[in-house]
Amino acid sequence: MKIRLGPRASLLARTQSGRVADRLRESVSGLDIEEVLIETGGDQDQETALHEAGAPGVFTAEVEKALLDGKVDLAVHSLKDLPIRQPDGLVLAAIPEREDPRDAWISLDHAALVDMPEGAIVATGSLRRRSQILNRYPHLRVEGIRGNIDTRMSKYRERGAAGLILAASGINRLSRQSDYRALISVTEMTPAPGQGALALEIRKEDNDLFDIVSKLDHADTRDCVTAERSLLSGLGGGCHLPVGAIAGVSGDHLSLCGVLGSLDGVDLIRLSAEGCRKDPLKIGADLAALIRKTGGDGILEKLDEGLTQ
């Protein structure tokens, strides 16, 4: 069987897709997997802040179009980049076991965020990180940064920043753990919903391919990210909202922590919920409703005003 795999052109995207291809070949003998590179709007424009880049799916829309147009058969996405709503005709056939969901701290001079002096600059392209940093460390400054891992690694010091925060999962998948000094705990910096997980997307009607790809699905990871994305959906569904979420499972039990903050970090709500893992959608939706009721609606209104100005 031939599978046309459609990764983005970045090194990380190709590395992630390559690992998925290797696992598919291990699970089913005789597969012919061809790589068809796809360049996305997010890859072409590495200067505009993500929340200003327009419609959701800046890293995924072109890949999904290639799937729907029949140019590729399988897409491997970083799940945190994937909009909540999928296009009609596509399905997530598998969510493999998650990499480390935490954020990574990168700095030549400072061992951790807590060690940063007043006025020091932290570079990140994430509004979620901005909000949580300024809430806990209001004496710091946060400046935006875009680009692939290598670009951001070189840019942050050129721009006078003392530290940089990236998702650990991407660095780990490139086997470059020596690039960061520390991993930031999920209580200090709650990750983006779905961070560290991959999403394997195919056309709904490709039943034979579904049978193959679904072998890579990891039930614990799927339940966790389903709850996290349900919370995000309940708060408005924007991939670039300053929302953090992290879930864990133990037996039949699922726990979920959610965070929503203002852009200046002054207002921040961090709440948790738990329940039976058989209904992760409900746990996420209930926690989103609780956050909204506990001041979240006010934060969302201010965010909407701030992001549309």
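As a starting point, this report considers the structure included with it. Because the structure is a prediction, the values reported are computed rather than measured.

The rules we used
- Residues numbered from 1 in each chain as written.
- Predicted model: local features only at pLDDT ≥ 70, side-chain atom pairs only at ≥ 80, totals over all residues.
- Heavy atoms only, no water.
- Core = buried A, V, L, I, M, F, W, Y, C linked by side-chain atoms within 4.5 Å.
- Buried < 20%, exposed > 50% of the residue type's maximum accessible area, 1.4 Å probe, protein only.
- Helix = DSSP H or I, 4+ residues; strand = E, 2+ residues; numbered from the N terminus.
- Contact = heavy atoms within 4.5 Å.
- Salt bridge = Lys/Arg side-chain N within 4 Å of Asp/Glu carboxyl O.
- Pairing = 2+ DSSP bridges.
- Axes fitted to C-alpha atoms, helices over the stretch in contact; angles between N-to-C directions.

Comments concerning the nonpolar core
Then, in step 1: Ranked by internal contacts, the top residues of the largest apolar core, which has 20 residues, are Leu-231, Leu-235, Val-243, Leu-256, Leu-260 and Ile-291.
Then, in step 2: Breaking this core down by element, the ones donating at least two residues are α8 (219-234), β11 (243-250), β12 (253-261) and α9 (280-308).
Then, in step 3: Of all the elements, α9 adds the most residues to this core, at seven residues.
Then, in step 4: Those residues within four positions of Leu-256 in sequence are excluded, and the remaining contacts are Ala-227, Glu-228, Leu-231, Ala-245, Ile-246, Ala-247, Leu-271, Ser-272, Ala-273, Ile-283, Gly-284 and Leu-287.

Describing the pattern of salt bridges
Then, in step 1: Considering all chains together, one arrives at 22 salt bridges under this definition.
Then, in step 2: Put simply, Arg-4, Asp-73, Arg-203, Glu-205 and Asp-206 are held in one network by salt bridges that share partners.

Section: the sheet that holds strand β6 (residues 121-123)
Then, in step 1: The strand order across the open sheet formed by five strands is β7-β6-β8-β5-β9, and the pairing between neighbours is mixed. Either end of the sheet is taken by a strand with one partner, and the two such strands are β7 (141-143) and β9 (182-184). If you compare each strand with its neighbour and ignore which way they point, the axes differ by 30 degrees on average.
Then, in step 2: In this structure, strand β5 (residues 103-106) lies alongside strand β8 (residues 163-167), joined through four bridges in antiparallel fashion. Across the sheet, residue Asp-103 finds its bridge partner in β8, namely Ala-167.
Then, in step 3: Against the sheet, helix α5 (residues 149-158) contacts β5, β6 and β8, and its axis sits at roughly 165 degrees relative to β8.

Some remarks on the pairing of β12
Then, in step 1: The buried fraction of β12 is high, at seven of nine residues.
Then, in step 2: Sheet topology note: the β11/β12 ladder contains eight bridges and is antiparallel. Within β12, the residue paired with Ala-245 across the bridge is Gly-258.
Then, in step 3: What sits between the antiparallel neighbours β11 and β12 is a turn of two residues, in which Gly-251 has the positive phi angle 60 degrees.

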